[in-house]
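# Structural overview for review
Take a look at the letters that make up each chain.
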2 protein chains.
Amino acid sequence: KFGERAGLKQTATTCNRVADIAHTSVHCYGRPNQTAWLSGAPRNIDTSCLTWEGQQFQGKRAIVEKLSSLPFTKIAHSITAQDHQPTPDCCILSMVVGQLKVDDDPIMGFHQSFILKNINDAWVCTNDTFRLAIHNFG
Amino acid sequence: KFGERAGLKQTATTCNRVADIAHTSVHCYGRPNQTAWLSGAPRNIDTSCLTWEGQQFQGKRAIVEKLSSLPFTKIAHSITAQDHQPTPDCCILSMVVGQLKVDDDPIMGFHQSFILKNINDAWVCTNDTFRLAIHNFG
C-alpha cells in the first residue's frame, strides 16, 4: 500500500508492494555472517552495477567476487532509516542509512542506494551504491 | 565517457554523459542561498517524488513548496563523495554524501540519492531522497 499512502497514484497499481519488497531486500543485507549477506542479497544480473566505496563493478560474477573478497569474518548491522520510492519505470529506489560493526572494529555509519527491478516476475538488483560514512572534517 | 570507463558496455552509448550530467545536477544543489538551490535543482515533473527526512512529496508543486518552506536563510555545502551509475532504463542513479552548514548551526552530514531521466531531450529529476546524517547511537 506504499504507493497509495504516499499519494503516488500513477504508479500505485504496479508498485503497491514497493515497501514490502524493499524491506525484504534491506534486511537481506548485513546479516551476521558474510555468506548470508551474499546469498541473501537481491539477485544480481549481468548488467547490474555495484559501486563500492567508489570502485565500479558490473555483472553478477564481478559483484559476487567483490563482496566475497571483503576482509571481515563477522558483520552486524542496524538500520537507522530507510526510504523507498517507485520510479517511473516501475523500479524501486531505496536509500538506506545505518551502522555496521565489522569484527572488532568500531561502529561505522554506512549509506547505500539501490534500485530493484522486476524482470520475469523476480525482483533483481540492477544498481547498488555503497559508502561508509567517513567524513573528512579537515 | 563514464559508461566506457566503468565497463558498462550495454549502456555506454546512451549514458556516455552520465558523469557530466550528474555532476552538474549535484552542484546545482546546496548553493549559498535558498533561491539558487531551488532554481538550480534539476527540473521536477508532476510524477517526481521527493522523500525529505522520511516525508513524502509528489509533483513539482508539492516539492517546490516543501523546499521553499525549509527554515533557513543561508546554506553552504561540501560534497564528500558522489557516485553515479547508468540504470537499465537509461536513467542515472546518483548518491551524494556531504556536509551542510545551515545558518549558525553546527555542520551536519547529509546523504541524498536521486534519479535523473531524459524526457524530451531534458534531464529531469524523477526521484529524490534526502536525509541528514543523524545516527542514534543510543
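Residues numbered from 1 in each chain as written. Chains lettered and ligands numbered in written order. Predicted model: local features only at pLDDT ≥ 70, side-chain atom pairs only at ≥ 80, totals over all residues. Heavy atoms only, no water.

Counting its secondary structure elements, chain A contains five helices and six strands. Counting from the amino terminus, helix and strand elements in chain A follow one another as α-α-α-α-β-β-α-β-β-β-β. The 138 residues of chain A split such that 53% are buried. The contacts of chain A with a sequence gap of at least 6 include a subset with a gap of at least 24, amounting to 44%. Of the roughly 6500 Å² that chain A leaves accessible, carbon and sulfur atoms contribute 52%. (Helix = DSSP H or I, 4+ residues; strand = E, 2+ residues; numbered from the N terminus. Buried < 20%, exposed > 50% of the residue type's maximum accessible area, 1.4 Å probe, protein only. Contact = heavy atoms within 4.5 Å. Areas by Shrake-Rupley, 256 points an atom, 1.4 Å probe, with all protein chains shown as cover.)

Okay, the packing of aromatic side chains next. To describe a pair of aromatic rings, you give the distance between the ring centres and the angle between the ring planes. Residues and elements named next belong to chain B. Tallying each qualifying case throughout the model produces four aromatic pairs over all chains. Note on W52 and F130: the rings are 4.2 Å apart at their centroids and 5° apart in plane angle, and the pair reads as stacked. Of the two residues, W52 sits in strand β1 (residues 43-52) while F130 sits in strand β6 (residues 122-132), which places them 78 residues apart along the sequence. Summarising the burial analysis for this pair, W52 and F130 share the class buried. On the numbers, 5.6 Å between centres and 10° between planes, the contact of F110 with F130 is stacked. Highlighted residues: F110 in strand β5 (residues 108-119) and F130 in strand β6, separated in sequence by 20 residues. Here F130 falls in the buried class, since its relative accessible area comes to 2%. (Phe/Tyr/Trp six-rings, centres within 6.5 Å; stacked < 30°, edge-to-face > 60°.)

Attention shifts here to the sheet that holds strand β4 (residues 92-102) of chain B. All names here are of chain B. Within the open sheet, the six strands sit side by side as β2-β1-β6-β5-β4-β3. Their pairing is mixed. Each edge of the sheet is formed by a strand with only one pairing partner; in this case those strands are β2 (55-58) and β3 (75-86). In this sheet, adjacent strand axes meet at a mean angle of 15° when their direction is disregarded. Across ten bridges, the pairing between β5 and β6 is antiparallel. Looking at β6, one finds that H111 is bridged to R131. Against the sheet, helix α5 (residues 60-68) engages β1 and β2, with an angle of about 45° to β1. (Pairing = 2+ DSSP bridges. Axes fitted to C-alpha atoms, helices over the stretch in contact; angles between N-to-C directions.)

Moving on: the side chain of D128 of chain B. With respect to the helices, strands and loops of the structure, D128 of chain B is situated in strand β6. Salt bridges are absent for the buried D128 of chain B, whose nearest opposite-charge side chain, R131 of chain B, sits at 11 Å. (Lys, Arg positive; Asp, Glu negative; His and termini not counted. Salt bridge = Lys/Arg side-chain N within 4 Å of Asp/Glu carboxyl O.)

Next up on the list: the pattern of salt bridges. Counted under the stated rule, the structure contains four salt bridges over all chains. Of the charged contacts in the structure, one is a salt bridge between R131 of chain B and D83 of chain A, with a shortest N-O distance of 2.8 Å. Placement of the pair is R131 of chain B in strand β6 and D83 of chain A in strand β3 (residues 75-86), with the two residues belonging to separate chains. Judged on exposure class, the residue R131 of chain B and its partner D83 of chain A are both buried.

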